[in-house]
Amino acid sequence: MAPQAGERLTIFEPTNSFELSYDRPDYLLLAGGIGITPICTMALALKQAGTNSRLLYAARSRRDLALADELATYIGERLQLFAGEERRRIDIGGEIAQLDARGAFYVCGPFGMLEAAKQLWRQAGRRATHLRYETFDNTGGLADTPFKIRVPRLGPEIEVPAHRSMLEALEAAGVDMIFGCRRGECGLCVLPILEASAEVDHRDVFFSTEERATNSKLCTSVSRLARGYVTIDTPDRMRIGHHGCDARALPFRTRSNKACLIYSGGMIVRCGERACPGLV
């Protein structure tokens, strides 16, 4: 529904969940298709900063390499182009091998490219914190069809239409959810699977292939069921006063660090206080 004249709106400052750091001695950038959008500005910034960096840019055809000419002008030999129609494929493993052991790898592209990059990065024994990624493709392996969610302690089943995500359906039903990126990248929307009557279509990039295979958890922002129902559980969250405001504090542990995150109105904010009792 469009906002009406005089209506009060709540807005938030822009956030960057795919931020470039400048503290690495070497950088490998990988872009697939329209994934060049964030990677392009990174390549330009790294060139301007005088860092050692390379950009691998792939698309189905030369015509689809939208920013190739501009990038070639500004970063020159740092750029390598790969067109599928020319049968040129990126040797991601080989490119990782050339990267300095302290180097960083930034990836944005379709799901398959990202999965391959993550797997090869792990196989190379590289530090997980030196791999940063973003994806634009959450179409999954199955068609978008309606299914149902069961949360035993909350009562009635929740319908998930084909055009809505699990997270959106849970929010619409009044379930107090935690989320971040809404793209299946950050893992904040993860919930445990108690039972599933059909195949779970995991469309996230947060879990590894092995973790998805266990079907023990899913990212509610992107994952779906082919049909039937999925039974999940949502945690109870007690409202407490934190830092002088009425918010919800919970200990949350990511894979790469430990932090106390404050939850309020569906937004996640890092606490930042070293002595905070919520730190785990």
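Going by the structure above, here's the rest.
Parameters and conventions
- Residues numbered from 1 in each chain as written.
- Predicted model: local features only at pLDDT ≥ 70, side-chain atom pairs only at ≥ 80, totals over all residues.
- Heavy atoms only, no water.
- Buried < 20%, exposed > 50% of the residue type's maximum accessible area, 1.4 Å probe, protein only.
- Helix = DSSP H or I, 4+ residues; strand = E, 2+ residues; numbered from the N terminus.
- Arc of directions from axis to C-beta.
- Axes fitted to C-alpha atoms, helices over the stretch in contact; angles between N-to-C directions.
- Parallel < 35°, antiparallel > 145°, perpendicular 65-115°, else oblique.
- Left-handed = near helix turned anticlockwise from the far one by under 90°.
- Contact = heavy atoms within 4.5 Å.
- Pairing = 2+ DSSP bridges.
- Phe/Tyr/Trp six-rings, centres within 6.5 Å; stacked < 30°, edge-to-face > 60°.
- Lys NZ or Arg CZ within 6 Å of the ring centre and 35° of its normal.

Caption draft 1: Helix H2 (residues 68-75), seen in detail. Within H2, burial applies to Ala68, Leu71 and Ile75. Along the axis of H2, the buried positions cluster into a sector of 65°, meaning they face one direction only. Every exposed residue of H2 that faces more than 90 degrees away from the buried side is listed here: Asp69, Thr73 and Tyr74. Of the residues one or two after H2, Gly76 is the one with positive phi, at around 55°.

Caption draft 2: A look at the packing of helix H1 (residues 36-48) against H2. Closest axis-to-axis distance for the H1/H2 pair is 10 Å, and the angle between their directions is 15°. Our classification of the angle between H1 and H2 gives roughly parallel. With respect to the hand of their crossing, H1 and H2 are arranged in left-handed fashion. The segment H1 lies against H2, with Ile36, Cys40, Ala43, Leu44 and Lys47 engaging Leu71, Tyr74 and Ile75.

Caption draft 3: Expanded view of the pairing of strand E12 (residues 229-232). Of the two faces of E12, the one carrying Tyr229 and Thr231 and the one carrying Val230 and Ile232 are both buried. As defined by bridge partners, strand E6 (residues 147-150) adjoins E12 across three bridges and the pair is classed as parallel. Paired with Arg150 across the two strands is Thr231, which belongs to E12. Looking at chain direction, strand E8 (residues 190-196) and E12 are connected through three bridges and run antiparallel. For Ala196, the partnering residue across the bridge sits in E12 and is Val230.

Caption draft 4: Here's a closer look at the packing of aromatic side chains. Using the criterion set out here, one finds four aromatic pairs in the structure. With centroids separated by 6.0 Å and ring planes inclined at 50°, the aromatic side chains of Phe18 and Tyr106 adopt a geometry described as tilted. Taken together, the positions of Phe18 in the segment before strand E1 (27-32) and Tyr106 in strand E4 (residues 104-109) put the pair 88 residues apart, joining distant regions of the chain. Comparing Phe18 with Tyr106 shows no difference in burial state: the two are buried. Ring centres of Tyr27 and Tyr106 lie 6.3 Å apart, and the angle between their planes is 35°; this geometry places the pair in the tilted category. With Tyr27 in strand E1 and Tyr106 in strand E4, this pair connects stretches of sequence that are 79 residues apart. Using a relative accessible area of 0% as the deciding quantity, one classes Tyr27 as buried. Since its relative accessible area comes to 1%, Tyr106 is described here as buried. Ring-pair connections join several aromatic residues into one group, and the members of that group are Phe18, Tyr27 and Tyr106. For the cation-ring pair, Arg88 lies above Phe82, with the distance from its terminal atom to the ring centre recorded as 4.5 Å. A cation over an aromatic ring shows up here: Arg150 above the ring of Tyr229, its NZ or CZ 3.6 Å from the ring centre.

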